[in-house]
Amino acid sequence: MFFEKLNDAFNGFINLGGSAMMFIIITILSLIVGVSISKAIEGGLRMAIALTGMGAIISLLTTAFSPALNSFVESTGVALSVTDLGWAPLAVITWGSVYTLYFAFICLLVNVFMLIAKKTTTLNVDLFNIWNLSVIGLLTMYYSNDNLILTTLFVAFIYALMLINADVMKPTINELLGYDQNNITTTAHPSLLIAPLVMVLNKFIDICLPFIDKFDFNAEALNKKIGFWGSNFAIGAYLGIFIGILGQLSVAEIFTLAFTGAVALELFALVGSWFGPAIGPLSEGITSKMSKRFKGRKLLIGIDWPILATRAELWAVANILAPILLLVAIFLPGNTVLPLGGILLTVLAPALLIVTKGRVVRMTIIGTILIPLFLWGATFIAKFVTETSKAMGNFPNGLAADALFSSVDSDPIEKMLAILFGKAVDTWDIKLIGFSVLALAAYILLFGWYFKQMRKENKKMELKQNTDKKVS
């Protein structure tokens, strides 16, 4: 009887919807870590408003674009039947799931353990982007028939790599952003997990194509020349025009689509900026408690990737890669996603910036080579994203009931691994288990090599800095 009532209460809580759930949960958690009542309520309210706003923008975009996309698919036969809605739907799905808080708790434990064991110096306070880990965790559960042990281990493993990555990237971040040695800011954002593959391609260029650096150019000057034409407004309008033409719409309908696309992409950026302040009070409370436990040690503070956004190269390359992404999507075998919400590849550009140290030509070449991974990743998770969205009651308005949608977003390799591991554990198929073991071994070796290379680069930078000091 007690468990039935408990289950009814839990289901009632779930049925409040993601926004209301997160308002309550964020508020209560903030109070537990010592945040004032007003700040706790403010954080919860901001989260609820941000989730609601994202849902509204997604509905606006899908309602406007779906007819044109359907017409394009029917008239051309091109199998780009999956609508890319960017990172927003994944954030909405994950922050509407109680498992996200479980994954956040696991990640916090991993961070504390690694700090105590001195395996990292980074305290990651970027709690909002735990949703990226939650996607990987929920994918693992989806394909493993809810195997929580496998899911927990995989999420913890990925998070540990993120923390070590934040450590090894710090000297390069200092160099790129002009930070002094006392600066404690870094980033452990999950999108930077693509850095090892970027490093492989960068080393290939070092050996085989070093002459391309002669063709590098001033990204800041390029951005100034592009100006408004590279803004969210303009890119959204381009997309509207492009899809309207593909869908063979009338001139009036193309104009409407262009304006809607412009509004949607600008609002994605605006509403997306609300999530950080929403989780801010909770992050501050946890940071305060953690700092008291580690007095006397210099800790790096991990925050969101936009600390890198001041570098002009990042935006120049993101704008260059946008049309390339569209072209690759049309001709890439195995891809069913038409890039829309994720057209600006800010999930790839930060890793390109750090590994190449801002060399635009290298960033563009490596980014183009890696684009297929992001499209295939979005294709593979489309079924999971669509079914989970329907189960949680936040399927975007405007999409046909049988339509699939997805997200061209970060961590394509980790998502593929989650699917592979999940299927292997669920079926106990010998071939899948064998592939899983090989894939995991290759993944670990790749990261081990990458960390070694980054530490070598860090020693070179440190030696150069010491030499410069002696000379001066």
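- Per an unreviewed UniProt entry, the chain is named PTS galactitol transporter subunit IIC, and its organism is Niallia circulans.
- The UniProt entry for the chain carries the following comment under Subcellular location (unreviewed entry): "Cell membrane".

**Structural notes on unusual backbone geometry**
(1) Moving on: Positive phi values are uncommon outside glycine, yet Asn 145 reaches one of about 60 degrees.
(2) Moving on: As for its position among the elements, Asn 145 is in the loop between helix H6 (130-143) and helix H7 (148-177).
(3) Moving on: Here the phi dihedral of Lys 357 falls at roughly 55 degrees; this positive angle occurs in a residue that is not glycine.
(4) Moving on: Residue placement: Lys 357 occurs in the loop between helix H13 (349-356) and helix H14 (360-380).

**So, the pattern of salt bridges**
(1) Moving on: Enumeration over the complete set of coordinates arrives at eight salt bridges.
(2) Moving on: The partner of Lys 39 in a salt bridge is Glu 42, and the shortest N-O contact between them spans 3.9 Å. Taken together, the residues span about one helical turn, with Lys 39 and Glu 42 both in helix H3 (residues 37-76) at a distance of three residues.
(3) Moving on: With a relative accessible area of 44%, Lys 39 lands in the partly exposed category.
(4) Moving on: We note a salt bridge from Asp 213 to Arg 359, for which the minimum N-O separation is 3.4 Å. Of this pair, Asp 213 sits in the loop between helix H8 (195-208) and helix H9 (219-226) while Arg 359 sits in the loop between H13 and H14, and the two are 146 residues apart along the sequence.
(5) Moving on: A relative accessible area of 25% places Asp 213 in the partly exposed class.

Rules used throughout
Residue numbers run consecutively from 1 along every chain, following the written order of its sequence. Local features in this predicted model are restricted to residues whose pLDDT is 70 or higher, and side-chain atom pairs enter the listing and the counts only when it is 80 or higher, whereas totals over whole chains, interfaces and linings include all residues. Values shown for side chains rest on all heavy atoms present in the structure; no hydrogens or waters enter the calculation. UniProt positions are given in the numbering used here, feature names are shortened, and annotations may be inferred rather than shown by experiment. The helix count covers DSSP runs of H or I at least four residues long, the strand count covers runs of E at least two residues long, and both are numbered beginning at the N terminus. Salt bridges, as used here, are contacts in which a Lys or Arg side-chain nitrogen is within 4 Å of a carboxyl oxygen on Asp or Glu. Throughout this description, buried means an accessible area under 20% of the type-specific maximum (1.4 Å probe, protein chains only), exposed means over 50%, and partly exposed covers the range between.

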